[in-house]
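# Results of the structural survey
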Amino acid sequence: MFQLYSKRNFSSLVGDTFTLLKLEGKNYFKNYFIINGGLLLVLCIVIYFFMQIFLKSAFLASSPNNSNAFLDTILSNVSLFIFFGVALILLIMLASLVNYLYPVAYLKLLGENKQPSLNNLTSLIKGKIGRTIQFYLFSLFIIVPLLLVLLGLSFALVFVIIGVPILIILIPAYTCWISLSYYEYISTNSSYFNSLKRGLKLLKSKFWPIIGSNYVMQSIVQIVLGIVVMVPYFIGIFTIFIDSDQTTQNSENVFSLLTIMLTVIMIISILFNYTLQNIILINQGIIYYSLIEEQENISAKNNIDLIGQNEE
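Residues numbered from 1 in each chain as written. Predicted model: local features only at pLDDT ≥ 70, side-chain atom pairs only at ≥ 80, totals over all residues. Heavy atoms only, no water.

### Points about the side chain of glutamate 184
By secondary structure assignment, the location of glutamate 184 is in helix H5 (residues 163-187). Engagement of the side chain of glutamate 184 in a polar contact is seen with the side chain of tyrosine 288, the distance being 2.6 Å. Dropping the residues within four chain positions of it, glutamate 184 is found in contact with Ser190, Ser195, Arg198, Tyr288 and Ile292. (Helix = DSSP H or I, 4+ residues; strand = E, 2+ residues; numbered from the N terminus. Polar contact = N/O pair within 3.5 Å; in protein donor to acceptor, adjacent residues only side chain to side chain. Contact = heavy atoms within 4.5 Å.)

### Points about the nonpolar core
Leu4, Leu20, Leu43 and Leu180 are the most contacted members of the largest nonpolar core, which totals 76 residues. Apart from the residues within four sequence positions on either side, leucine 4 is in contact with Leu20, Leu107, Leu110, Gly111, Ile286, Tyr289 and Ser290. (Core = buried A, V, L, I, M, F, W, Y, C linked by side-chain atoms within 4.5 Å. Buried < 20%, exposed > 50% of the residue type's maximum accessible area, 1.4 Å probe, protein only.)

### A word on unusual backbone geometry
Trans is the prevailing form of peptide bonds, just as negative phi is the prevailing case for residues other than glycine. Even without glycine at this site, asparagine 113 takes up a positive phi of about 60°. Checked against the element boundaries, asparagine 113 lands in the loop between helix H3 (78-111) and helix H4 (118-157).

### Overview of the packing of aromatic side chains
A full pass over the atoms with the stated rule returns 24 aromatic pairs. When the centroid spacing of 5.4 Å and the interplanar angle of 65° are considered together, the rings of phenylalanine 135 and tyrosine 192 count as edge-to-face. Highlighted residues: phenylalanine 135 in helix H4 and tyrosine 192 in helix H6 (residues 192-205), separated in sequence by 57 residues. The exposure class assigned to tyrosine 192 is buried, which follows from its relative accessible area of 4%. A network of ring pairs unites the aromatic residues Tyr100, Phe135, Tyr136, Phe138, Tyr182, Tyr185, Tyr192 and Phe193 as a single cluster. The cationic tip of arginine 131 hangs over the ring face of tyrosine 185; the distance from NZ or CZ to the ring centre is 3.8 Å. (Phe/Tyr/Trp six-rings, centres within 6.5 Å; stacked < 30°, edge-to-face > 60°. Lys NZ or Arg CZ within 6 Å of the ring centre and 35° of its normal.)

Structure, rendered in structure tokens:
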């Protein structure tokens with residue numbers, strides 16, 4: 001079994017993320033798609049119909065002497081547009097809720113030496129949904145305004161050069177602080193503000209290895225996501241150029257190809273974004289349990305308990 005409580009340096013924070021995925025990846029993603037797959041599937045269906053309305057409006061608006069077509073099409077389908085728009089927002093919120101909570105629940109079970117089975121995971125996730133909603137509602141009114149102020153100051157300092165490195169450091173530092181605080185809030189019974197304090201303390205205890213690890217994982221995910229999204233995009237563009245003679249004669253073919261291409265890209269982007277975000281969140285969990293081990297020596301205490309049990 002993967003040793004979650006362990007002291008790690010920068011290379012271990014990155015390497016052990018992939019070690020955990022190698023050991024637990026099959027079970028992890030199998031249960032992930034069982035729990036969150038249905039929401040993602042419905043989300044893709046809603047995106048498809050929403051994109052059909054939106055792209056049809058945009059296509060008609062691009063036609064000569066038809067500048068009001070976009071607004072006219074939206075107004076003529078306003079009920080559907082609102083329905084799919086609201087459904088899209090709700091589904092994204094629900095899928096994101098599960099997406100952020102799932103890795104925390106999985107690692108919590110591993111940390112407690114419990115089997116991360118489907119029943120254990122669903123039971124833990126259901127029990128922690130309320131705290132997750134509380135955490136992000138509190139953060140919306142407390143942390144987000146603070147971030148906006150810091151970003152505003154950083155952008156102002158961009159004109160004197162020093163703001164550029166501040167921005168490069170600030171964004172991953174903010175992400176890590178929120179993630180560590182979230183792990184603390186969900187994994188313990190700590191209050192919101194105590195979790196923020198603990199998260200900040202953990203971040204400062206090993207600042208540069210944490211920031212570096214986060215930057216590496218974010219870069220890997222963005223590169224993979226970029227490749228996955230750009231491949232169908234270039235295939236679609238290439239297809240349009242090959243059939244340029246036919247598409248110029250029949251504008252409906254252009255609309256059909258563009259609609260299919262953009263819809264497929266949007267769906268692939270969302271599916272892979274949700275899936276790959278697990279890697280970043282697992283990395284944050286590795287960081288959290290590593291820092292907890294350095295401060296509390298959990299593994300040593302567990303070994304002592306095991307020795308006592310064996311003697312009995």
